[in-house]
Each structure stands twice: as structure tokens, then as C-alpha cells.
Amino acid sequence: MSVLYDPIAELRKLGYTDREAAFVYLVGMHSGYFLRRQFLQFLERKDGAMAQRFLVKSVGLAHVHAIEYAHGRHIYHLKSKAIYRILDQENSQNRRAKADTEIKSRLMQLDYLLDHLGERFLETAKRKVTFFHDKLGIPQESLPRILYRGNGNTDTQARYFTDRFPVSVETSTSTSALVRLTYIDAGLRSISSFARWLEERAALLRTLKRAEVIYTADTAHNFTAAEQEFLRRFPSQSNANECRQRLLRNAKFVMEKCDFTFCG
């Protein structure tokens, strides 16, 4: 796509207002699923009529599918191929139907994004690879990836950042960037998945000059164990202030409570 291409303008041509189009863009790029209350939070409004107009419009255009889950409440899935084509994400996994746990994870991810709208997020795996490899010069072998072979192809190919969890960058220059890598715990019983996630990012975290690992969950059940696992792997990172002030090649561990609810 041209650098002058504006997907928000294209979404407006479908009948969405500026703010509606911006919300559709956010959902399409990051989660695929959303709740009515999340739309209102994005607009910073409590006007239910605005949400109703948007939902009637988007469902009526077959851009959004409403999934009833309890007592007339709904989860909304942005699944229109036309929308994802406008976003240059025609083959996005966000279009695909997900299991319940994955849907909750994506809704929690959207909550996290809504709480951090001022941050600069690397929205796709391609943009993450471009930032870390092309701008920071980090070898692709140090990035989280899954190796696979294509059909009938003996050559090994790699897919990067397959979890799609938020990655943001706070920076004045690329060399002093503070990188935040977020892990979403949607109700896991243990931290085994988080331990694997950390292992896949260990080389990246040890290369970055400034980094934060954000462990986000709707319960503090795993917080202590997750922090201990992080400090076991990165023992010198326990002094967060020193890490920031001296720009050491270290990471900081942050636990963030997500007040997630399906209501509204």
C-alpha cells in the first residue's frame, strides 16, 4: 500500500464516523473481537444510543457478527473480509472464529490497548520485525519465532511474534527506545505458558537496552509466581530504577491488573 493510503478514510466511505472508523481499525489490527463497553470507553462516552447506532450499522453491513453468550449480552466479532482488505490484513487470523479462552484473551488485549492509547504500538508481526531487525539491528534469530516447512517445500521458513500480544515503543530515538512486551493471562492455572513465552523472548530481552515485560491478568493468582520466574531468568533486573536511569541492557517486570468484565 502507498504511504499516503489512509485506511480510516476508506472505512469512513462505508458509512462510519471518524471515531467509529478509528475503533474498527483498532479492533481489526489487534483483537478481532470487542464488547459494547469497549466501544464506549474508546469514545469516552456513556451514551448507550451511540453504541447502539454503531452496532446496528456494523452488524447490518455484515461487517460484525454478534455472538450471544448470556442473558441477551453479546460479544462482537469483526469478521468482514472487506474490512480486513481495507486494513491490508486480508488474511488476518483476527477474522477466524476462536475458542472461548482465546476470545477472552483478545478482549483483554483490547482492554489493555484502550488503557494505553497514548503508546505507540507495533501493530503487526511485520512491523515488529522491521523495528527490531531493521531499525535496532537485532538478528532475526534473536526474535521469537516458529520454524515450519511449507507444503512440498524442504526449505524452513519462520513466523515471528505469533502470539500477537501488544508490543509498544516509547522513544525519542530508536537507540534509546523503551520497549514494552505484554503477556496476557486470560485465566491460566499455572505460569508454564508464561515461562515458555519468556524463553522465546530471552535473547531479545537480553539485547534490548531498555525493556519492560508487562504481565496482565484479571486476577493476581499468578503474579508472585510470574515475578519469581522472571527474576530467575533475569536476576540483575530487579532494580528497576537503576535500569531506567543507566539505560542498562536489562528488563523490568511489571504486573498489571486488568479489571476485565463481560458486562456492558
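Throughout this document, residue positions are counted from 1 along each chain, in the order its sequence is written. Reporting in this predicted model follows two pLDDT cut-offs: at least 70 for local features of residues, and 80 or more for side-chain atom pairs to be given and counted; totals over whole chains, interfaces and linings ignore these cut-offs and use all residues. Heavy atoms throughout the structure, all of them, feed into the side-chain values; hydrogens and water do not.

**Here's the deal with the overall build of the protein**
Formally: Runs of E in the DSSP output that reach at least two residues are strands. Runs of H or I that reach at least four are helices, and both are numbered from the N terminus. Burial classes follow relative accessibility: with a 1.4 Å probe on protein chains only, a residue under 20% of its type's maximum area counts as buried, one over 50% as exposed, and anything between as partly exposed. Contacts are assigned to residue pairs with any non-hydrogen atoms lying within 4.5 Å of each other. Using a 1.4 Å probe, the Shrake-Rupley method yields the accessible areas, and only the shown protein chains count as cover for residues.
Check the secondary structure of the protein and you find 10 helices and 10 strands. When the 264 residues of the protein are sorted by exposure, 46% land in the buried category. Sequence separation of 24 or more characterises 64% of the internal contacts of the protein that already satisfy a separation of 6 or more. Summing over all exposed atoms, the protein offers an accessible surface of approximately 13,800 Å²; the carbon and sulfur share of this is 47%.

**Side note on the sheet that holds strand S2 (residues 64-70)**
So the rule is basically this: Only strands that DSSP links by at least two bridges are regarded as paired with each other.
Spatial strand order, S1-S3-S2: three strands in an open sheet with antiparallel pairing. In this open sheet, the two edge strands, each paired with only one partner strand, are strand S1 (33-34) and S2. Here two bridges tie S1 to strand S3 (residues 73-78), and the two strands are oriented antiparallel to one another. Across the sheet, the residue bridging to Tyr-33 is His-77, located in S3.

**As for the layout of surface pockets**
If a probe as big as a water molecule is rolled over the atoms, it shows which places are left empty. What counts is decided by this rule: As defined here, a cavity is a set of points on a 1 Å grid over the protein atoms alone where a 1.4 Å probe fits but cannot get out. A pocket is an open set with protein on both sides within 12 Å along at least five of seven lines, and residues line them when an atom is within 4 Å of a point. Grid points are joined across faces, edges and corners, and a volume is the space filled by probe spheres set on the points. Note that Gly is not counted as nonpolar here; it falls among the polar residues with everything else outside the nonpolar set of Ala, Val, Leu, Ile, Met, Phe, Trp, Tyr, Cys and Pro and the charged set of Asp, Glu, Lys and Arg.
The calculated volume of the largest pocket comes to roughly 1,200 Å³. Partitioned by chemical class, the residues of the lining of the largest pocket number 18 nonpolar, 13 polar and 13 charged.

**Observations regarding empty space enclosed by the protein**
One pass over the full model with this rule turns up three cavities of 30 Å³ or more. Taken together, 14 residues line the largest cavity, and the ones lying closest to its centre are His-30, Leu-122, Glu-123, Lys-128 and Arg-164. When residues of the lining of the largest cavity are traced back to their parent elements, those giving at least two are helix H2 (18-30) and helix H7 (125-135). For the second largest cavity, the calculated volume is near 50 Å³.

**Examining the pairing of S2**
When S2 meets S3, the two strands line up antiparallel, connected through six bridges. Following the sheet pairing, Ala-70 is matched in S3 by Arg-73. Remark: two residues form the turn of the hairpin made by S2 and S3, two consecutive strands paired antiparallel; His-71 in that turn has positive phi of roughly 50°.

**Points about the side chain of His-63**
Structurally, His-63 can be placed in the loop between helix H4 (48-60) and S2. Classification of His-63 as buried rests on a relative accessible area of 8%. Beyond its immediate chain neighbours, meaning those up to four positions away, His-63 contacts Leu-14, Tyr-16, Ser-58, His-77, Leu-78, Lys-79, Ser-80 and Ile-83.

**Things to note about the confidence of the model for the protein**
The test is simple: Scored from 0 to 100, pLDDT reflects the predictor's confidence in each residue.
On average, the protein scores 87 in pLDDT, and the residues at 70 or more come to 88%. Note on residues 237-250: pLDDT is under 50 here. Beyond four places in sequence and across chains, it has 29 contacts.

**Some thoughts on the environment of Gln-109**
Within the secondary structure, Gln-109 is located in helix H6 (residues 100-115). Look at Gln-109 and you get buried, because its relative accessible area is 2%. Distance in space between the C-alpha atoms of Gln-109 and Ala-217 is 10.0 Å, their sequence separation being 108 residues. Those residues in contact with Gln-109 that sit more than four places away from it in its chain are His-30, Arg-164, Phe-165, Pro-166 and Ile-184.

**Points about the packing of aromatic side chains**
Put simply, the rule reads: Working definition: a ring pair exists when centres of Phe, Tyr or Trp rings (six-membered ring for Trp) sit within 6.5 Å. Plane angles under 30 degrees give stacked, over 60 give edge-to-face, the rest tilted. Two thresholds decide whether a charge sits over a ring: the Lys NZ or Arg CZ must be within 6 Å of the ring centre and within 35 degrees of the ring normal.
A full pass over the atoms with the stated rule returns 19 aromatic pairs. One Lys or Arg, Arg-19, reaches over the ring of Phe-42 and ends 4.4 Å from the middle of that ring. Here the guanidinium or amino end of Arg-159 rests over the ring plane of Tyr-148, the centre of that ring lying 4.5 Å away.

**Examining the side chain of Glu-20**
Rules: In protein, a polar contact means a hydrogen-donor-capable atom and an acceptor-capable atom, both N or O and within 3.5 Å, with residues adjacent in sequence counting only if both atoms are side-chain atoms; elsewhere, any N or O pair within 3.5 Å suffices.
For Glu-20, the position within the fold is in helix H2. With relative accessibility at 7%, the residue Glu-20 sits in the buried group. At 2.7 Å, the side chain of Glu-20 and the side chain of Lys-57 are in polar contact. Residue contacts for Glu-20: discarding those within four places in its chain leaves Gly-15, Phe-39, Phe-54 and Lys-57.

**Brief notes about the packing of helix H3 (residues 36-43) against H4**
Note the threshold: Each axis is a line fitted through C-alpha atoms, and for a helix only the stretch in contact is used; angles between axes span 0 to 180 degrees, taken between their N-to-C directions. Left-handed describes a crossing whose near helix is turned anticlockwise from the far helix through less than a right angle; right-handed describes the clockwise counterpart.
Closest axis-to-axis distance for the H3/H4 pair is 10 Å, and the angle between their directions is 115°. Crossing of H3 against H4: the hand is right-handed. Contacts between H3 and H4 involve Arg-36, Phe-39, Leu-40 and Leu-43 on the former and, on the latter, Gly-48, Met-50, Ala-51, Phe-54 and Leu-55. Considered class by class, the residues forming the contact of H3 with H4 number seven nonpolar, one polar and one charged.

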